[in-house]
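Read off the chains here:
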Amino acid sequence: MTVRQAEPGDGERLAVIHVASWQATYRGIFPDRFLDAMDPTERVEAWRRRIGHPDVAVLLVEDGGEPVGFASLGPAEERAEQPVGELYAIYLLPGTWRRGLGRRLLEEAERLLAVRYPEAILWVLEANSRARRFYEACGWIPDGGTRTEPIFGANPLLIRYRKTLRQRPASHEEA
């Protein structure tokens, strides 16, 4: 497995991973009709813009040379007294879950965040117990922050997790 920075040409693959992961992850949390209607082609341009954004990093994890997951990260969207990083998203194709790819991707995301930020946050749906167990196993702690966000006509509760990052120098090596 390797982890690398996404490139503009990866936009289509990111969109496919994003939609497939949402459809599997959120089945039973959001109505099937919304999940089934998701179309990767509608997300390609947004991913290309995100890849080109100067403050955002998008990482891809590859298995056998094929991109199977991604993480998106950068500065926290909420204001704080000190600079805080944020893991915006991390998703893997469902057939690759529980093989260590997500952990490796998260480790690389944390390493990149640690270059600029002493700590980072992420938001996860309260109902997504599998993701919450994963983050907790990786040292992330719920810090008491909550919010709701309109998704598919609902306003689910999101829980904020936080992690103190070990400051490390940047590296451009692939995993």
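The structure displayed is predicted, hence computed values, not measured ones. Counting of residues starts from 1 at the beginning of each chain's written sequence and follows it residue by residue. The model is predicted, so local features are restricted to residues of pLDDT at least 70 and side-chain atom pairs to those at 80 or more, both for listing and for counting; the totals for chains, interfaces and linings are taken over all residues. Where side-chain values are given, they derive from all heavy atoms of the structure, hydrogens and water being excluded.

**Brief notes about the layout of surface pockets**
Right, on to step 1. Its boundaries defined by the atoms lining it, the largest pocket holds a volume of some 1,200 Å³.
Right, on to step 2. Forming the boundary of the largest pocket are 41 residues, of which Y26, A89, I90, Y91 and Y135 lie nearest the centre.
Right, on to step 3. Helix and strand definitions follow DSSP, with helices as H or I runs of at least four residues and strands as E runs of at least two, each counted in order from the N terminus. Secondary-structure elements contributing two or more residues to the lining of the largest pocket are α1 (11-25), α3 (44-52), β4 (85-92), α4 (101-116), β5 (119-125) and α5 (129-137).
Right, on to step 4. For the lining of the largest pocket, the element with the most residues is β4, which contributes seven residues.
Right, on to step 5. Residues were grouped as follows: Ala, Val, Leu, Ile, Met, Phe, Trp, Tyr, Cys and Pro as nonpolar; Asp, Glu, Lys and Arg as charged; and all remaining residues, including Gly, as polar. Per-class residue counts for the lining of the largest pocket are 22 nonpolar, eight polar and 11 charged. Only protein atoms enter the 1 Å grid, on which a cavity is a set of points fitting a 1.4 Å probe that cannot get out and a pocket is an open set with protein on both sides within 12 Å along at least 5 of 7 lines, lining residues being those with an atom within 4 Å of a point. Grid points are joined across faces, edges and corners, and a volume is the space filled by probe spheres set on the points.

**What about unusual backbone geometry?**
Right, on to step 1. The phi torsion at R98 lies on the positive side, around 65°, for a residue other than glycine.
Right, on to step 2. Along the chain, R98 turns up in the loop between β4 and α4.
Right, on to step 3. A positive phi angle is found at F152, which is not glycine, with a value near 50°.
Right, on to step 4. Here F152 is to be found in the loop between β6 (141-148) and β7 (157-164).
Right, on to step 5. Only protein chains enter the calculation, and the probe is 1.4 Å; a residue is then buried if its accessible area is under 20% of its type maximum, exposed if over 50%, and partly exposed in between. For F152, a relative accessible area of 23% puts it in the partly exposed group.

**Describing the side chain of D10**
Right, on to step 1. Along the chain, D10 falls in the loop between β1 (2-5) and α1.
Right, on to step 2. Whenever two N or O atoms come within 3.5 Å, that pair is a polar contact, provided that in protein one can donate a hydrogen and the other can accept it, and provided that, for residues adjacent in sequence, both atoms are side-chain atoms. Looking at D10, its side chain comes within polar contact range of the main-chain nitrogen of E7, at 2.7 Å.
Right, on to step 3. Residue contacts follow a heavy-atom distance rule, with two residues in contact if any of their heavy atoms lie within 4.5 Å. Beyond its immediate sequence surroundings of up to four residues, D10 is in contact with R4, Q5, I51 and L60.

**Overview of the packing of α1 against α3**
Right, on to step 1. Angles run from 0 to 180 degrees between N-to-C directions of axes, and those axes are lines fitted to C-alpha atoms, restricted for helices to the stretch in contact. Where α1 contacts α3, the axes come no closer than 8 Å and their chain directions differ by 115°. Viewed along their axes, α1 and α3 form a crossing whose handedness is right-handed. The segment α1 lies against α3, with G11, E12, L14, A15 and H18 engaging V44, W47, R48 and I51.
Right, on to step 2. Partitioned by chemical class, the residues of the contact of α1 with α3 number five nonpolar, two polar and two charged. A clockwise turn of the near helix away from the far one marks a right-handed crossing, whereas an anticlockwise turn of less than a right angle marks a left-handed crossing.

**Digging into the nonpolar core**
Right, on to step 1. The definition of a nonpolar core used throughout is a set of buried Ala, Val, Leu, Ile, Met, Phe, Trp, Tyr and Cys residues joined through side-chain atoms within 4.5 Å. By size, the foremost hydrophobic cluster in this structure holds 55 residues, and its most contacted members are L14, W22, F70, L73, L87, Y135 and W140.
Right, on to step 2. Top contributing element to this core by residue count: α4, with seven residues.
Right, on to step 3. When neighbours within four sequence positions are excluded, Y135 is seen to be in contact with L87, I90, L106, L122, V124, W140 and Y161.

**Some points on the packing of aromatic side chains**
Right, on to step 1. Here a Phe, Tyr or Trp ring, Trp counted by its six-membered ring, pairs with any other such ring whose centre lies within 6.5 Å, and the pair is stacked when the planes are under 30 degrees apart, edge-to-face when over 60, and tilted otherwise. The tally for this structure, following the rule as stated, stands at 10 aromatic pairs.
Right, on to step 2. Here the aromatic rings of W22 and F152 are separated by 5.9 Å at their centres, their planes lie at 85°, and the arrangement is edge-to-face. Within this pair, whereas W22 is found in helix α1, its partner F152 is found in the loop between β6 and β7, the two being separated by 130 residues in sequence.
Right, on to step 3. Two thresholds decide whether a charge sits over a ring: the Lys NZ or Arg CZ must be within 6 Å of the ring centre and within 35 degrees of the ring normal. Sitting over the ring of W123, R147 keeps its end group 4.4 Å from the ring centre.

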